[in-house]
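The lines below spell out each chain.
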Amino acid sequence: MSYQKNILILGAYGFLGTRLSHFLKEKGYKVFRHGRNDEADFKIIDYSTLHQKITTNKISSIVNLVAATNVDECERNIDLAFDANIFFTQSIVNEVLKIKENQKPHFIQISTDQVYQGNGPHIESSARPSNIYALSKFSSELIASKIKSTILRTNFVGRNSDNNKDSLSDFIVKSLRSEKKINVFSDVYFNPLFIDTLCEIIELSINTKTNGIYNVGSSKGLSKSQFAFYIAKKLGLKRSLMKEVSVNSANNLDARRPLDMRMDCSAFSNEFDYQLPTTESEIIKLMEDYR
């Protein structure tokens, strides 16, 4: 069993975890999956033994996907946000710190573009969290930085295999296919990355083991409403069912939303020698999930 090929994915049964596990297995990695499922390789009940399991299984990299990601739920339930996004990360980092230096795994932390506010595109040093979710994710970055780690700030899109949890594009496609009218935000901007592209970037991070915080997203970006209209156009769905509105008109949101989350991803491109894709090409890849 190759030491360089043994990867532990924390939160391996979620949206990204399921896709990443399959992706890495196809690439020849030995993937150890953590989660609540009965078949999980790692079920962390007692954190104090985790460092021994990591060493015994010769884990070379840990990818942390565990997070509370519902922005409004985090605003309503601070304990939930802090437990999943801060205290869990701290517990894992504490265990990694116990491992001998030459056996320490590289740590990859997936973070969010929600840490930004104000006019983009944002560079990594300009983080200013504006809600509980963003604050908890930013705090987890600081914790992960205590060990050798690659921290990726991103906003990924794709079709969720869990029918009970719709992604942004799932919501748009399902609503339009059922001819349901929806509002789409014209003043919230982002530069989304297709989930498979993010999997490629995570694998690159596993192999290079470069330390630091990096923005990863598609070039330029667009508004959430432009994203929705582009999807409708490509799938031949009724664009007339969508109404462009301001996020400030939404009265069902508990958390304040940053308006411009577009990121400057040049630091990642330069450091990793990786050409990030255009926003249009990422949406075209996304469309294949729905055909």
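Residues numbered from 1 in each chain as written. Predicted model: local features only at pLDDT ≥ 70, side-chain atom pairs only at ≥ 80, totals over all residues. Heavy atoms only, no water.

Enquirer: Honestly, the nonpolar core in this entry has me stumped. Any pointers?
Expert: Within soluble globular proteins, side chains that are nonpolar generally end up buried alongside one another. Within the largest apolar cluster, 56 residues are counted, with the highest numbers of intra-cluster contacts made by Leu 24, Leu 152, Ile 202, Phe 227, Ile 231 and Phe 268. Per element, the largest residue contribution to this core is six residues, and it comes from helix H7 (residues 195–208). Setting aside its immediate chain neighbours within four residues, Ile 231 contacts Ser 169, Ile 172, Val 173, Ile 283, Leu 286 and Met 287. (Core = buried A, V, L, I, M, F, W, Y, C linked by side-chain atoms within 4.5 Å. Buried < 20%, exposed > 50% of the residue type's maximum accessible area, 1.4 Å probe, protein only. Helix = DSSP H or I, 4+ residues; strand = E, 2+ residues; numbered from the N terminus. Contact = heavy atoms within 4.5 Å.)

Enquirer: Honestly, the packing of aromatic side chains in this entry has me stumped. Any pointers?
Expert: Aromatic rings considered in pairs are described by the distance between their centres and by the relative angle of their planes. Within the structure shown, the criterion is met by nine aromatic pairs. Relative to Phe 272, the ring of Phe 268 has its centre 4.3 Å away and its plane inclined at 20 degrees; by these criteria the two rings are stacked. One end of the pair is Phe 268 and the other is Phe 272, both in helix H9 (residues 266–272) and four residues apart, which spans about a single turn. Through a chain of ring-to-ring contacts, the aromatic side chains of Tyr 214, Phe 268, Phe 272 and Tyr 274 assemble into a single cluster. Cation over ring: Lys 53 sits above Phe 42, and NZ or CZ is 4.3 Å from the ring centre. (Phe/Tyr/Trp six-rings, centres within 6.5 Å; stacked < 30°, edge-to-face > 60°. Lys NZ or Arg CZ within 6 Å of the ring centre and 35° of its normal.)

Enquirer: Just checking my understanding: could you explain the packing of helix H8 (residues 224–235) against helix H10 (residues 279–287) for this structure?
Expert: Relative orientation of the contacting elements H8 and H10 amounts to 50 degrees, with a least axis distance of 10 Å. Here H8 is positioned oblique relative to H10, judged by the angle of their axes. For the element pair H8 and H10, the recorded crossing hand is right-handed. Each of Phe 227, Tyr 230, Ile 231, Lys 234 and Leu 235 in H8 lies in contact with H10, whose residues at this interface are Glu 280, Ile 283, Ile 284, Leu 286 and Met 287. (Axes fitted to C-alpha atoms, helices over the stretch in contact; angles between N-to-C directions. Parallel < 35°, antiparallel > 145°, perpendicular 65-115°, else oblique. Left-handed = near helix turned anticlockwise from the far one by under 90°.)

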